[in-house]
Amino acid sequence: MSHGFETLAIHAGQAPEARTGAVIPPIYQTSTYAQDAVGAPRQGYEYSRSGNPTRDALQECLAALEGGQVGLAFASGLAAEDTLLRTVCKPGDHVIIPDDAYGGTYRLFAKVAERWGLTYTPAKVSDVDAVRAAVRPGATRIVWVETPTNPLLGIADIAGLAAVAHDAGALLVVDNTFASPYLQQPIAHGADVVVHSTTKYVGGHSDVVGGALVAADRGLGDELRYHQNAMGAINGPFDAWLTLRGIKTLGVRMDRHCDNAERIAAYLDGHAKVGQVLYPGLPSHPGHEVAAKQMRRFGGMISFRAAGGEEHAVEICNRAKLFVLAESLGGVESLIEHPGRMTHASAAGSPLEVPGDLVRLSVGIETVDDLLADLEQALG
């Protein structure tokens, strides 16, 4: 029987515990397991880097929510990305990345993977032809996509880019962090691997750091699982439990994030002190029609450009009160940041440098009128 998203979020991988009937999966806070005989670990568990029942529950749930065959949980989103790259790429391979990718992803490619011999080309992922033109025949191994992108909220046509990647013999990897599996399921549109920083909307409460990979193909998923164990950047049992707790309310939280973001985007759009609003839910957004086809709703992230330039953008961030000045996103509380000096500082001077007048909002689930009043005073 097929179940709805909210049912899967609460029940997938989370059957009542067999011994006591505990409704919530226990935290198996153990490093090792007694074995029944030499070479005969009980239910396959021998060491918690290799397998842990709490982490397994999270991984099964993530796979179900994304419609994939194998889900894997990591210590952070970047740990998941690093494991993916070293599983499917080798020195000399080439990857296409967004020209406005998350600063940490860019740093991983530019400062870590490039030294290992992996080359990359930034491309405008909202332009299928631009991505196609960036392909290096015989060398491109991955087309790496964020949609929406971080922080410029660009929209990529997942199905169109899947065709480009597969024609080139490459994998399509989609970072689904900004949308969450509730709003978008890239595998249904042809993606091979989905990446998450589960720190963000999946966990949803700003109290745990984690990452995830979900593979559409079981064979690739098993390769990733091997490298997860071999490289060791696994999600701990308490972190896995906290993330599972957050997942249970993902659907209802995302609906409220979207409700609030739609009101705020409409307020900012046309405001005298705002030069441009970047939100895919606005009909004026160049990716609006594509987003409407592949997303359930348009998400809780908004970026805008301050009409008064970079110093005005910084002042807005500093004056905000309910919008907490902080990095990260996707929690129940609203956050504000200046990407150029905060999350994307590592991209300064590169092709991925973000505009200095950009402000990024992670719209929380507070009373929206209070958030609007805070933005009104912050805009000055």
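Before reading on, note that the structure itself is shown above.
What counts, and where the lines are drawn
Residues numbered from 1 in each chain as written. Predicted model: local features only at pLDDT ≥ 70, side-chain atom pairs only at ≥ 80, totals over all residues. Heavy atoms only, no water. Axes fitted to C-alpha atoms, helices over the stretch in contact; angles between N-to-C directions. Helix = DSSP H or I, 4+ residues; strand = E, 2+ residues; numbered from the N terminus. Parallel < 35°, antiparallel > 145°, perpendicular 65-115°, else oblique. Left-handed = near helix turned anticlockwise from the far one by under 90°. Contact = heavy atoms within 4.5 Å. Nonpolar A, V, L, I, M, F, W, Y, C, P; charged D, E, K, R; others polar. Core = buried A, V, L, I, M, F, W, Y, C linked by side-chain atoms within 4.5 Å. Buried < 20%, exposed > 50% of the residue type's maximum accessible area, 1.4 Å probe, protein only. Salt bridge = Lys/Arg side-chain N within 4 Å of Asp/Glu carboxyl O. Polar contact = N/O pair within 3.5 Å; in protein donor to acceptor, adjacent residues only side chain to side chain. Pairing = 2+ DSSP bridges.

Regarding the packing of helix H12 (residues 310-319) against helix H13 (residues 368-379)
Running from N to C, H12 and H13 point in directions that differ by 135°, and their axes come no closer than 8 Å. Comparing their axes, H13 and H12 come out oblique. Helix-helix and strand crossings are classified by hand; for H12 and H13 the assignment is right-handed. Of H13, the residues touching H12 (which contributes His 312, Ile 316 and Arg 319) are Gln 377, Ala 378 and Leu 379. Taken together, the residues of the contact of H12 with H13 break down into three nonpolar, two polar and one charged.

Concerning the nonpolar core
Formed by 60 residues in total, the largest nonpolar core has its most connected members in Ile 264, Leu 268, Ile 302 and Leu 361. Broken down by element, the residue count for this core peaks at seven residues, all from helix H10 (residues 250-268). Non-local contacts of Ile 302, meaning those with residues more than four positions away in its chain, are made with Leu 153, Ala 261, Ile 264, Ala 265, Leu 268, Val 277, Leu 278, Tyr 279, Val 359, Arg 360, Leu 361 and Val 363. The next biggest cluster of nonpolar side chains, apart from the first, holds 31 residues, and it includes Val 70, Val 88, Leu 108 and Leu 220.

A few points about the pattern of salt bridges
Counted according to the given criterion, the structure contains 14 salt bridges. Residue Asp 36 is joined to Arg 42 by a salt bridge in which the shortest nitrogen-to-oxygen separation is 2.8 Å. Measuring nitrogen to oxygen at the nearest pair gives 2.7 Å for the salt bridge that ties Asp 259 to Arg 297. Of the two residues, Asp 259 is situated in helix H10 and Arg 297 in the loop between helix H11 (288-294) and strand S11 (301-306); the sequence distance between them amounts to 38 residues. Residue Asp 259 is classed as partly exposed on the basis of its relative accessible area of 36%. A cluster of three or more residues bridged by salt bridges with shared partners is formed by Asp 255, Asp 259, Glu 262 and Arg 297.

With respect to the packing of helix H3 (residues 77-88) against helix H8 (residues 218-231)
Put simply, H3 and H8 touch, their axes get as near as 9 Å, and they point 115° apart. H8 is crossed by H3, and the crossing has right-handed handedness. Of the residues in H8, those touching H3 at Asp 82, Thr 83, Leu 84, Arg 86, Thr 87 and Val 88 are Leu 220, Glu 223, Leu 224, His 227, Gln 228 and Met 231. Its residues assigned to classes, the contact of H3 with H8 shows five nonpolar, four polar and three charged.

A word on helix H6 (residues 158-167)
Turning to H6, its buried residues are Ile 158, Gly 160, Leu 161, Ala 162, Val 164 and Ala 165. For H6, the side-chain oxygen to backbone nitrogen distance between the N-cap and Ala 159 is 3.3 Å, and the N-cap itself is Asp 157. Remark: Gly 169 follows H6 within two positions and exhibits a positive phi of approximately 75°.

Description of the side chain of Asp 357
Relative to the elements of secondary structure, Asp 357 occurs in the loop between strand S13 (335-337) and strand S14 (358-362). Setting aside chain neighbours within four positions, we find Asp 357 in contact with Phe 304, Arg 305, Ala 306, Gly 309, Glu 310 and Ala 313.

As for the sheet that holds strand S4 (residues 94-98)
What the seven strands build is an open sheet, ordered S3-S9-S8-S7-S6-S4-S5; its pairing is mixed. Each edge of the open sheet carries a strand with a single partner, namely strand S3 (70-74) and strand S5 (119-123). For this sheet, the mean angle separating the axes of adjacent strands, direction not counted, is 20°. The pairing of strand S6 (residues 140-146) with strand S7 (residues 171-175) spans five bridges and is classified as parallel. When the bridges of S7 are listed, Glu 146 appears paired with Asp 175. Where H3 meets the sheet, its contacts fall on S3, S6, S7, strand S8 (193-196) and strand S9 (211-215), and the angle it forms with S6 comes to roughly 160°.

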